[in-house]
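Structural characterization, general
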Amino acid sequence: AEVIYVTCNGALSSLCVTMSARGLTVDSSPAEKAEACRACQRDRDRLRDGFGFAGYDFDSVLSATERQRIEDLVATMSPASVAGFAVDGAPIGRATLYEFMLQRKKSDVSVTVEEWPAFRPRLINALRALSAANTILDRERPDRVMTYNSLYSVNAMWRAAADRRGIPSYFLHAGVGLKDRLQTMIVG
């Protein structure tokens, strides 16, 4: 099978899942975030080179027009309207709430005015992911899409874009047992 490996190349540098996994937050220093990006880029390069994967980085497909559209969409948002926010049929607000609620241990699907500065970068990242997914899926027309945990907002946007095109979407995730979760895998 031909694999097209897609990464952000720093386009999600305000805060991404990789950064969160390293314990970083939206308030972490730019230097800490940049180091997480460099480590992620090294892993990307190792995978692309080692397996000969072709690929894209988000920045290579996000046009100035799309970047402005994202900024305009976010400018119209308010914390009160997040849960119902959708673009091109993709439930961006709800998808972005998933990891935000997990991290904050929230049980209600809402974002307060005080939480908005921490939530906003995640919303922008989900919009960037949707835009990149739309462009790349239209260009490549893949038979399948696979992400790591399609509940993470940026990966959920790939699933949503694939669904709109009738492309089957699969996910990978670490195993369920804490003892050996990184030695096992769930595929769904």
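Everything in this summary refers to the structure shown in the same document.

About the criteria used
- Residues numbered from 1 in each chain as written.
- Predicted model: local features only at pLDDT ≥ 70, side-chain atom pairs only at ≥ 80, totals over all residues.
- Heavy atoms only, no water.
- Helix = DSSP H or I, 4+ residues; strand = E, 2+ residues; numbered from the N terminus.
- Rg over C-alpha atoms; globule rule 2.2 N^0.38 Å.
- Pairing = 2+ DSSP bridges.
- Axes fitted to C-alpha atoms, helices over the stretch in contact; angles between N-to-C directions.
- Contact = heavy atoms within 4.5 Å.

Overview of the overall build of the chain
Looking only at helices and strands, the chain features seven helices and five strands. For the chain, the α and β elements follow one another from N to C terminus as β-α-α-β-α-α-α-α-β-α-β-β. Computed over C-alpha atoms, the radius of gyration of the chain comes to 16 Å, within 12% of the 16 Å expected from 2.2 N^0.38 for 188 residues, which places it in the range of a compact globule. In terms of overall dimensions, the chain has a C-alpha envelope of 45 × 40 × 35 Å along the principal axes.

Quick word on the sheet that holds strand β5 (residues 185-187)
Ordered by their spatial adjacency, three strands build an open sheet running β3-β4-β5, and the pairing between neighbours is mixed. Bordering the open sheet on either side are β3 (145-148) and β5, each of which pairs with just one other strand. Within the sheet, the average angular offset between the axes of one strand and its neighbour, ignoring direction, is 20°. Those strands touched by helix α7 (residues 153-164) are β3 and β4 (169-174), and its axis lies near 165° from that of β3.

Quick word on the environment of G52
Among the structural elements, G52 can be located in the loop between α2 (30-51) and β2 (54-57). The spacing of G52 and I4 is 48 residues in sequence and 9.7 Å in space, taken between C-alpha atoms.

Remember, this is a structural readout, not a statement about activity or role.
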